[in-house]
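So you can see what is in the structure, the chains are spelled out below.
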Amino acid sequence: MYEVMIKSEFSAAHSLREYEGKCEALHGHNFRVDVYAGAEEVDGTGLTIDFRILKEKTNVILDQLDHKHLNDLPYFTETNPSSENIAAYIFNNLKGEFSNENVVLNRVAVWESENSCATYSEK
Ligand SMILES: [Zn+2]
């Protein structure tokens, strides 16, 4: 199995419901997002997937989140916009982009700060 990863980022505000602590109040993050994609075989060029294509697909999803108050987005009106749930949102929206290719989306990691990250995968 081959695996590649691209890094991207977006900036957004959120507040966590039913949580006691600093994250209960409205605040923002520069979220960093790592997207891992894999394939059993590389293509004729020797690639799992072109990094540029993976980044473009990812950024289409991240544009929906960038500079938003996440709690206001339909998906997060009931679902808390935690890093875990943001990772699942990105994963589930990005997954369909790979349906006609040999490439599978393995995992999405969302970094809320330099030292704190949550990941989501289906395995
Ligand atoms: Zn936060």
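Residues numbered from 1 in each chain as written. Predicted model: local features only at pLDDT ≥ 70, side-chain atom pairs only at ≥ 80, totals over all residues. Heavy atoms only, no water.

**Q** Help me understand the pairing of strand β5 (residues 116–120) in this model?
**A** In the sheet, strand β4 (residues 104–113) pairs with β5 via five bridges, with the strands oriented antiparallel. Bridge pairing links Trp111 to Cys117 in β5. Hairpin connection, β4 to β5: the antiparallel pair is bridged by two residues. (Pairing = 2+ DSSP bridges. Helix = DSSP H or I, 4+ residues; strand = E, 2+ residues; numbered from the N terminus.)

**Q** Quick question: what am I supposed to make of helix α2 (residues 83–95) here?
**A** A rise of 1.5 Å per residue sets the reference length of α2, with its 13 residues, at 18 Å; its end C-alpha atoms lie 18 Å apart and thus fit the reference within 8%. Among the residues of α2, those classed as buried are Ser83, Ile86, Ala87, Ala88, Tyr89, Ile90, Phe91 and Leu94. The secondary structure elements touched by the buried residues of α2 are β1 (2–14), β2 (27–39), α1 (51–63), β4 and β5. (Expected span 1.5 Å × (residues − 1). Buried < 20%, exposed > 50% of the residue type's maximum accessible area, 1.4 Å probe, protein only. Contact = heavy atoms within 4.5 Å.)

**Q** Looking at this structure, I do not really get the sheet that holds β1. What am I missing?
**A** Where strands meet in a sheet, backbone hydrogen bonds hold them as pairs that are either parallel or antiparallel. The mixed open sheet is built from five strands, whose spatial order is β3-β1-β2-β4-β5. A strand with exactly one partner marks an edge of an open sheet, and here the two such strands are β3 (68–69) and β5. Running at roughly 25° to β1, α1 makes contact with β1, β2 and β3 of the sheet. Along the sheet, α2 contacts β1, β2, β4 and β5; its crossing angle with β4, the most-contacted strand, is approximately 150°. (Axes fitted to C-alpha atoms, helices over the stretch in contact; angles between N-to-C directions.)

**Q** Explanation requested: the confidence of the model for the protein in the structure shown.
**A** Caution applies to low-pLDDT regions: their predicted coordinates should not be interpreted in detail. Model confidence for the protein is summarised by a mean pLDDT of 94, while 99% of its residues fall at 70 or above. When pLDDT is averaged over each helix and strand of the protein, the minimum, 96, is found for β4 and the maximum, 98, for β3. (pLDDT = per-residue confidence, 0-100.)

**Q** Explanation requested: the pairing of β4 in the structure shown.
**A** In summary, the side chains of a regular strand alternate between the two faces of the sheet. Where β2 lies against β4, seven bridges are found, and the strand directions are antiparallel. Residue pairing for β4: Gly38 is matched across the bridge by Val104.

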